[in-house]
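# Summary of the model geometry
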Amino acid sequence: MAASDLEGRPESAETSVWVRAARCFERWQGGEAAALDELVRIMTPVLWHTIRAYGLAQAAAEDAVQNTWLALVRNGHQVTESAAIGGWLLTTARRTAWRAKSSDTRAMPTEDAQLAAGLPASAAAETSALEQLGGSVLWEHVRGLDERCQRLIRIVAFDDRPDYSGIAKDLGMPIGSIGPTRRRCLDKLRNSLEKGGQL
Amino acid sequence: MNASERDPLLDAVRRLYTELDPVPEGLTERVLVALAVDDLDLEFELLTMVHRSQQLAGVRNGDDQKLVLEFTAPGLTVMLRVSPVDGDLRRIDGWVTRTTDGKGEQPELTASLWQEAGTATAPVGQHGRFEFASVPAGLSRLDLVSTGDDPEFRTTLFEI
């Protein structure tokens, strides 16, 4: 499909990440070297958040992002469908993160406190209640969830087409339970916000 | 899943993390440099960084800080201790540990440090030790090159 066919279409920002990634990958495979740079710029934020959801410290997470891209230039020929590139990158990122995480036997100092310090007290004025919700308020409620819920929610927030079987393996859960757990975690978060009078 | 069916709560969570834990400044650029300097024709096992920390050697200013880095790949781990020498120069002490059972002779390894200014090499000793007495600070990459047919290892780019 030519890029121009898609450009006029009203896409949500979310959809377009995957579509744009697929287009870049196609151009890169077609021999356009600069398309890889574009792909890196589009997908690095998604990879970052997925890897951090696995609990890697800052430096190790940066390294895992780099390794994911090195794996792409080495093994990218395995990706035969350009539409599959986003999923391939995320799966590779998750595996890299998981491997790094299980090799580091040190106890991870919690970075929660540092993270929260960077948050402004309220988000910019927007329309709905959710959008008006201040970052620090939402963070308080997200932090109240168990670790598994926090991870799962962060992963799916950045990945519209999550690979449930891979995630299930990483988080030590049966595949069939990921969907229900995801709903349960979101319900918990919503209830907690409602109870706190935030919604 | 179509974006329109997405729970708006997930979008809020996404905004939260984007704000809370943003992609580190310069990461994308480092990835692009790493890709540009990667020679694809060579086969390497990629070493993944599992740990990075600053250790305060003295009580004075940050100049006394030692940097400790640890990388791992199947069968091998490398630990680097980086200490400031003078201004922009660094000393690197490295230790290679093989995590596979040591059956018979281990092939000799050479450590090769790639930097923008050039490449330095150092032999890895009997007990896995190697050192670079004085190398410039900056973006670096370590390769462990074997004399035998064993796989060779390469780290990603890291800052020293």
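The structure presented is a predicted model; accordingly, all values stated were derived computationally and were not measured.

All names here are of chain B. Where strand E3 (residues 65-73) lies against strand E4 (residues 76-86), seven bridges are found, and the strand directions are antiparallel. Looking at the pairing, Glu 70 lines up with Met 79 of E4. What sits between E3 and E4 in their antiparallel hairpin is a turn of two residues, with Gly 75 showing a positive phi close to 95°.

With that out of the way, let us pick up the nonpolar core. Counting residues in hydrophobic clusters, the biggest one holds 81 residues, and the most contacted among them are Ala 21, Leu 39, Leu 47, Ile 51, Leu 56 and Ala 64 of chain A together with Val 13 of chain B. In terms of residue count, the dominant contributor to this core is helix H3 (residues 34-53) of chain A (10 residues). Here this core spans two domains, and each of domain 1 (10-107) and domain 2 (110-199) of chain A adds at least three residues to it.

Bringing the pairing of strand E5 (residues 89-98) of chain B into the picture now. All names here are of chain B. In this structure, E4 lies alongside E5, joined through 10 bridges in antiparallel fashion. What sits directly across from Leu 76, in E5, is Arg 98. What sits between the antiparallel neighbours E4 and E5 is a turn of two residues, in which Gly 87 has the positive phi angle 55°. As paired strands, E5 and strand E8 (residues 129-136) are joined by six bridges and run antiparallel to one another. By the bridge assignment, Trp 95 is partnered in E8 with Arg 129.

The subject of this paragraph is the domain arrangement of chain A. Residue and element names in this part refer to chain A. Assigned domains within chain A: domain 1 (10-107) and domain 2 (110-199). Contacts between the two partners involve 11 residues from domain 1 and, on the opposite side, 10 residues from domain 2. Sorting the residues of the side of domain 1 that touches domain 2 by element identifies helix H2 (13-29), H3 and helix H5 (85-103) as the ones contributing at least two each. Considering each element in turn, the side of domain 1 that touches domain 2 owes the most residues, five residues, to H5. Taken together, the residues of the side of domain 1 that touches domain 2 sort by class into five nonpolar, four polar and two charged.

So, about the interface of chain B and chain A. Counting residues at the interface gives 34 residues for chain B, matched by 50 residues for chain A. Secondary-structure elements contributing two or more residues to the side of chain B that touches chain A are helix H1 (8-20), helix H2 (27-36) and strand E2 (48-56) of chain B. Broken down by element, the residue count for the side of chain B that touches chain A peaks at 10 residues, all from H1 of chain B. Among the residues making up the side of chain B that touches chain A, the classes are represented as 22 nonpolar, five polar and seven charged.

With that settled, the discussion passes to the confidence of the model for chain B. Residue and element names in this part refer to chain B. Averaged over every residue, the pLDDT of chain B is 85; residues scoring 70 or more account for 84%. No element of chain B has a lower mean pLDDT than E2, at 84, and none a higher one than E8, at 96. Here the predicted complex scores 0.79 on pTM and 0.80 on ipTM.

Bringing the environment of Met 173 of chain A into the picture now. Residue and element names in this part refer to chain A. Within the secondary structure, Met 173 is located in the loop between helix H10 (164-171) and helix H11 (175-195). Residue class for Met 173 comes out partly exposed when judged on the 15 C-beta atoms lying within 10 Å of it. The spacing of Met 173 and Arg 148 is 25 residues in sequence and 9.8 Å in space, taken between C-alpha atoms. Ignoring sequence-local partners within four residues, the contact set of Met 173 consists of Ala 168, Ile 178 and Thr 181.

Procedures and definitions
- Residues numbered from 1 in each chain as written.
- Chains lettered and ligands numbered in written order.
- Predicted model: local features only at pLDDT ≥ 70, side-chain atom pairs only at ≥ 80, totals over all residues.
- Pairing = 2+ DSSP bridges.
- Helix = DSSP H or I, 4+ residues; strand = E, 2+ residues; numbered from the N terminus.
- Core = buried A, V, L, I, M, F, W, Y, C linked by C-beta atoms within 7 Å.
- Buried ≥ 20, exposed ≤ 12 C-beta atoms within 10 Å, placed from the backbone.
- Domains from an automatic or database assignment.
- Contact = placed C-beta atoms within 7 Å.
- Nonpolar A, V, L, I, M, F, W, Y, C, P; charged D, E, K, R; others polar.
- pLDDT = per-residue confidence, 0-100.

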